[in-house]
Structure formats: structure tokens, C-alpha cells
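# Close look at the chain arrangement
This is what each chain is made of:
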Amino acid sequence: MRAPTIPARIRWAVDLMDVGPADNILEIGCGPGAGAELICQRLETGKLFAIDRSESGVDRTKRRCRQYVEAGRLTVRQIDLATLRVPVRRLHKVFAFNVNLFWVRACADEVALLHERVLPGGAVYLFYDASRSDMVPNIVQKASAALTDGGFRVSVVDQKAPSVVGIIGKR
């Protein structure tokens, strides 16, 4: 069986995050596990805690990244960010790709949780597929406002190929 490919947009996003070998990272919405796979490849003593509301997303990530789960580098849980109350170490980075939470509804509680858990100097990286250019200004405005209101310093990165926009909230 052929190994699943990793889309260029996910590669670009993980590269931009500059994952360090000792980073502790939270991934929100792990889906099929492509981001988790790339992140775990870069970790040595660091850990990735990946969450998804979907049971199938959690199962797919666990299957795809079995070696990292077995090595203790990856923990995957079916849970919503709003109800995340498990002990998560202080985080260096938070990664999310195409997670609508940050721009479709009020998310002050979730952003406050992230601000509490992210170490000073750490960051929240929100990435969105930007192929629907008509939606990008709304996504950027709302996600940026949510992070800014939660105490993060926000910058935006726009990539044309692959077409991705990144909203980075530094603590």
C-alpha cells in the first residue's frame, strides 16, 4: 500500500511554523493526519497533542501516525477545543488548518484557553486554503480580530502557490 501524500499547502504551513525538536504543539482539527505526520517527523523530545471533533479524523490520524503514537510523541483525542480540559503541557505552538471556529462564530473562550496555554514567545498558527479568494478578507479579518481580542499580536502571511493564508498570533 502506498503511503498517503502530503498536500503542498500542509507542507508550506508546517515549514512556516519552523517546528523545533523540543516543541510542544497542539493541533486543532487533525483530520487525516497529514499535518501531524509532518510535525512529528521534526520532533525529538517534543510532543504533539492532536484533537478533532470527528471520530473518523482521530482514527485516520492514529492509523497514519501509528509509529509516533507508539513512540509517545503523539497523543490524539476526540474532543472539541471548547471542552479541552485534559492536562496539556505549556505549548510552544498551536496549529490549525481550515478550522472554521476562529472566523465563523464567537470564540473568546477558546482563544483565552490558547492564550493561557501558549508560552510567552509562542504562537498560534491558523491556516486557510485561499483558493476561494472572495472569502479570504472575511476569514483574515475575523480570525485576526479573535486572536487580537484574546491578547495575541497578529500578523498575516499570504502565499500564492500553494494558495494559503496564514494568521499568526504571537504571545
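For the structure, check the block above.
Read on for a plain summary of the structure. (Residues numbered from 1 in each chain as written. Predicted model: local features only at pLDDT ≥ 70, side-chain atom pairs only at ≥ 80, totals over all residues. Heavy atoms only, no water.)

## Details of the environment of alanine 82
On the secondary structure map, alanine 82 appears in the loop between β3 (74–78) and β4 (91–97). You can call alanine 82 partly exposed: its relative accessible area is 32%. Spatially, the C-alpha atom of alanine 82 lies 8.3 Å from that of leucine 113, the residues being 31 residues apart in sequence. (Helix = DSSP H or I, 4+ residues; strand = E, 2+ residues; numbered from the N terminus. Buried < 20%, exposed > 50% of the residue type's maximum accessible area, 1.4 Å probe, protein only.)

## So, the sheet that holds strand β1 (residues 24–28)
Strand pairing in a sheet relies on backbone hydrogen bonds, with the paired strands running either antiparallel or parallel. Pairing within the open sheet is mixed, and its seven strands lie in the order β3-β2-β1-β4-β5-β7-β6. A strand with exactly one partner marks an edge of an open sheet, and here the two such strands are β3 and β6 (153–159). Across the sheet, the axes of successive neighbouring strands diverge by a mean angle of 15°, strand direction being ignored. Where β6 meets strand β7 (residues 164–170), seven bridges bridge the pair, whose relative direction is antiparallel. Note on β7: the bridge partner recorded for serine 155 is isoleucine 168. Sheet strands in contact with helix α6 (residues 108–117) are β1, β4 and β5 (118–129), and its direction is about 135° off that of β5. (Pairing = 2+ DSSP bridges. Axes fitted to C-alpha atoms, helices over the stretch in contact; angles between N-to-C directions. Contact = heavy atoms within 4.5 Å.)

## Quick look at the layout of surface pockets
Space inside the largest pocket adds up to approximately 310 Å³. Ile28, Arg53, Val99, Asn100 and Leu101 are, among the 15 residues lining the largest pocket, the residues nearest its centre. Listed by contribution, the elements that provide at least two residues to the lining of the largest pocket are β2 (47–52) and α5 (101–104). Considered class by class, the residues forming the lining of the largest pocket number eight nonpolar, three polar and four charged. (1 Å grid on protein atoms, 1.4 Å probe; cavity = no way out; pocket = protein on both sides within 12 Å on 5 of 7 lines; lining within 4 Å. Points joined across faces, edges and corners; volume = space filled by probe spheres on them. Nonpolar A, V, L, I, M, F, W, Y, C, P; charged D, E, K, R; others polar.)

## Here we look at the pattern of salt bridges
According to the stated counting rule, one finds eight salt bridges in the structure shown. Of the charged contacts, one joins aspartate 80 and arginine 53 as a salt bridge, the two residues approaching to 3.9 Å between their closest N and O atoms. You can see aspartate 80 sitting in the loop between β3 and β4 and its partner arginine 53 sitting in the loop between β2 and α3 (55–64), a full 27 residues away along the chain. For aspartate 80, a relative accessible area of 24% corresponds to the partly exposed category. Of the charged contacts in the structure, one is a salt bridge between lysine 160 and aspartate 158, with a shortest N-O distance of 2.9 Å. (Salt bridge = Lys/Arg side-chain N within 4 Å of Asp/Glu carboxyl O.)

## Section: unusual backbone geometry
Most peptide bonds are trans, and most residues other than glycine sit at a negative phi. Of the consecutive residues alanine 161 and proline 162, the connecting peptide bond is found in the cis state with omega at 0°. On the secondary structure map, proline 162 appears in the loop between β6 and β7. A positive phi is found at asparagine 98, a non-glycine position, where the angle reads about 60°. Tracing the chain through its elements places asparagine 98 in the loop between β4 and α5. A relative accessible area of 36% places asparagine 98 in the partly exposed class.

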